[in-house]
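Chain residues, written in single-letter form:
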Amino acid sequence: MKPVLFDFTDAQLAEYITDMGLPRFRAKQIREWLNRGAPDFRSMKNLPEQLRETLDGCAQTLPVRVMQKLESSDGQTTKFLLALHDGEQIECVLMRTSYGNSVCVSSQAGCAMGCKFCASTLLGLKRNLTVNEIYSQILVAQWELRTDRFSDKHIRPNGDANNGDVSHIVVMGTGEPLQNTENVIGFIERANSEMGIGWRKITVSTCGIIPGIEKLIEWARPINLAISLHAPTDELRSKIMPINNKYHLQDVLDTAFRFSDVHNRQLMIEYILLAVRDENGDTQLLNCTAEHAEKLAELLRGKNCMVNLIPWNTVDERDFVSPSGNAVHRFQDILIKNGIHTRIRRERGNDIGSACGQLRLNHAKGKQ
Ligand code: SAH
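Owing to the predicted nature of the structure, the values given are computational and were not obtained by experimental measurement.

S.K.: Could you clarify how one ought to interpret the nonpolar core in this entry?
M.R.: One recurring pattern in soluble globular proteins is that nonpolar side chains are buried together. Judged by nonpolar contacts, the single largest core of 104 residues is most densely connected at Ile 30, Phe 117, Ile 169, Phe 187 and Leu 300. Broken down by element, this core gets its largest block of residues, 8 residues, from helix 4 (residues 131–148). With residues up to four places along the chain from it excluded, the contact list for Phe 187 reads Val 105, Val 131, Ile 134, Tyr 135, Ile 138, Ile 169 and Val 171.

S.K.: Whenever I open this one, the pattern of salt bridges confuses me. Can you help?
M.R.: A side chain with one charge may pair with a side chain of the opposite charge, provided their charged atoms come close. In the structure shown here, the tally under the stated rule is 12 salt bridges. Residue Glu 194 is joined to Arg 190 by a salt bridge in which the shortest nitrogen-to-oxygen separation is 3.2 Å. Residue Glu 194 and its partner Arg 190 are both found in helix 5 (residues 181–195); the two are separated by 4 residues, about one turn of the helix. Here Glu 291 ties to Lys 295 by a salt bridge, and the two come within 3.5 Å at their closest N and O atoms. Of this pair, Glu 291 and Lys 295 both sit in helix 9 (residues 290–300), 4 residues apart, which is roughly one turn of that helix. Residue classification places Lys 295 among the partly exposed positions, given a relative accessible area of 35%. Because the salt bridges share partners, they merge into one network encompassing Asp 40, Arg 42 and Asp 56.

S.K.: Got a minute to help me understand helix 1 (residues 10–19) in this structure?
M.R.: Within helix 1, the full set of buried residues consists of Leu 13, Ala 14, Tyr 16 and Ile 17. Looking down the long axis of helix 1, one finds its buried residues gathered within 160 degrees of arc, a one-sided arrangement. In helix 1, the exposed positions that point more than 90 degrees away from the buried face belong to Ala 11 and Asp 19. Considering only its buried residues, helix 1 is in contact with helix 2 (25–36) and helix 3 (49–58).

S.K.: What is the right way to read the sheet that holds strand 8 (residues 202–206) from this model?
M.R.: By way of backbone hydrogen bonds, the strands of a sheet pair with one another, either parallel or antiparallel. The strand order across the open sheet built from 10 strands is 1-2-3-4-7-8-9-10-13-14, with neighbouring strands paired in mixed fashion. The two strands at the open ends of the sheet, each matched to only one other strand, are strand 1 (64–71) and strand 14 (341–344). With strand direction ignored, the average angle separating the axes of adjacent strands in the sheet is 25 degrees. Here strand 13 (residues 305–311) pairs with strand 14 via 4 bridges, running parallel.

Conventions adopted
Residues numbered from 1 in each chain as written. Predicted model: local features only at pLDDT ≥ 70, side-chain atom pairs only at ≥ 80, totals over all residues. Heavy atoms only, no water. Core = buried A, V, L, I, M, F, W, Y, C linked by side-chain atoms within 4.5 Å. Buried < 20%, exposed > 50% of the residue type's maximum accessible area, 1.4 Å probe, protein only. Helix = DSSP H or I, 4+ residues; strand = E, 2+ residues; numbered from the N terminus. Contact = heavy atoms within 4.5 Å. Salt bridge = Lys/Arg side-chain N within 4 Å of Asp/Glu carboxyl O. Arc of directions from axis to C-beta. Pairing = 2+ DSSP bridges. Axes fitted to C-alpha atoms, helices over the stretch in contact; angles between N-to-C directions.

Structure follows, in structure tokens:
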């Protein structure tokens, strides 16, 4: 296995380089390229050509390697399938938005949570990602943004040419971040100190692991927390999210509001809208009838939160359907009438299988 130079400390890198009979300053040059996300040594333009070739033959830059890159037709979303050292695969997504460039990162290879609507969990959990493996996903996106500057393809929705850096991070890719809390925290600390990304521009999304949320409270950084709620009662939530049998809905919400209150931050509530087809082929709303909306409003009334309504993205292996646009708006109207802040999450990169672990799953099944 080739050594990953990004994983070396400065001292180790200097030793590696001087052992090759090279001057020390080469190590510093290489480190600068690594910190910019160089995918290979060929890209390191200020190294002698011979050295670039030698290094490409014997070492790897980052602990992730881009296997596949897909771009949405509007040029705003780029999705990466990345290979890890041990052959595992993960996904990350770069979204160019009017407020900046946001990257959605994975925290685990696979997922153990077993949510019934999600593609990421279908093959189970393989392992936790290291700090460097999570951080490298940001570097891959950052490197991609550099190439935007030389292309007019990637126009932000507000019409600006895109020449920015990564400005926002959402830990909403494959995996449950609060089952890998230590490394997720390590990653966020690093994104903040090394990339200068503000705490308030970072969001961690969880299905509701209470001890993990408590760790975030102790850690006391004013990041954003998102809770994947998806149902307004324990009975229904346990049916679609097995983790609810362990951490019940009201306890999850209480702990999450404790976190957001400490930092005076708005809590994000994610709510997928799910329907099923009955035996007559008719669509039945599963978690988004008027009654569900009223119950949800009851849970959240007077609280500092924002409900993101997300029409379910189709996953072939799952037996749900996405409700009609009308049903989504009716659900939203009831929440608004009850004074609950809400918005409908625009689907991004639907044409490139951007929904939650689909690319990885398709690849694992060999269908691309
Ligand atoms: N494990 C974390 C983060 C990863 S999933 C969590 O549960 O929050 C990020 C969000 O996408 C979650 O709200 C998840 O429930 C949602 N999601 C999963 N599959 C989806 C699908 N097919 N369509 C829409 N949203 C989905």
